[in-house]
Amino acid sequence: YGKPFKDDKLGLKARLDRRGLLAMGNSGKNSNTSQFFVTLGDGKNVQNLTGKHVVFGRLVDGEQVLTFMEMCASGTDDEKP
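Residues numbered from 1 in each chain as written. Predicted model: local features only at pLDDT ≥ 70, side-chain atom pairs only at ≥ 80, totals over all residues. Heavy atoms only, no water.

## Observations regarding the overall build of the chain
The secondary structure content of the chain amounts to 3 helices and 3 strands. Reading the chain from its N terminus to its C terminus gives the helix and strand order α-β-β-α-β-α. Expressed as a percentage of the 81 residues in the chain, the buried residues total 23%. For the chain, the accessible surface area stands at approximately 6300 Å², while carbon and sulfur atoms represent 55% of it. (Helix = DSSP H or I, 4+ residues; strand = E, 2+ residues; numbered from the N terminus. Buried < 20%, exposed > 50% of the residue type's maximum accessible area, 1.4 Å probe, protein only. Areas by Shrake-Rupley, 256 points an atom, 1.4 Å probe, with all protein chains shown as cover.)

This is the structure in structure tokens:
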């Protein structure tokens, strides 16, 4: 809704280090829009995103949905769905 807004400082400090985290995707500092992502990987695979995207939620149930989403991936190495 509307214009981009400032990053939540606490959300930027939250570690993106495990599967099932919900974050706001952005293209740079304070550029939040209505794009979200859920981490499918864990550890090294997602920790480089910490401090770049605001974390505001985590999966509490429905692990099978994440597994199904992974199965629907394109299978290419370009990291695009």
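## Observations regarding the sheet that holds strand β1 (residues 21–24)
Taken in spatial order, the 3 strands make up an open sheet running β2-β1-β3, and their pairing is antiparallel. Looking at the sheet topology across the chains shown, the edges are occupied by β2 (36–38) and β3 (54–58). Here the strands of the sheet are splayed against their neighbours by 25 degrees on average, with no regard to which way each runs. By the bridge criterion, 3 bridges tie β1 to β2 in an arrangement that is antiparallel. Across the sheet, Met24 pairs through a bridge with Phe36, a residue of β2. (Pairing = 2+ DSSP bridges. Axes fitted to C-alpha atoms, helices over the stretch in contact; angles between N-to-C directions.)

## Describing a positive patch on the surface
Together, Lys6, Lys9, Lys13 and Lys29 make up a region of like positive charge exposed at the surface. Relative to the assigned elements, Lys9 resides in helix α1 (residues 9–13). (Patch = residues over 30% accessible without salt bridge, like charges linked within 9 Å, V, L, I, M, F, W, Y side chains within 5 Å. Salt bridge = Lys/Arg side-chain N within 4 Å of Asp/Glu carboxyl O. Lys, Arg positive; Asp, Glu negative; His and termini not counted. Charge placed at Lys NZ, Arg CZ, Asp CG, Glu CD.)

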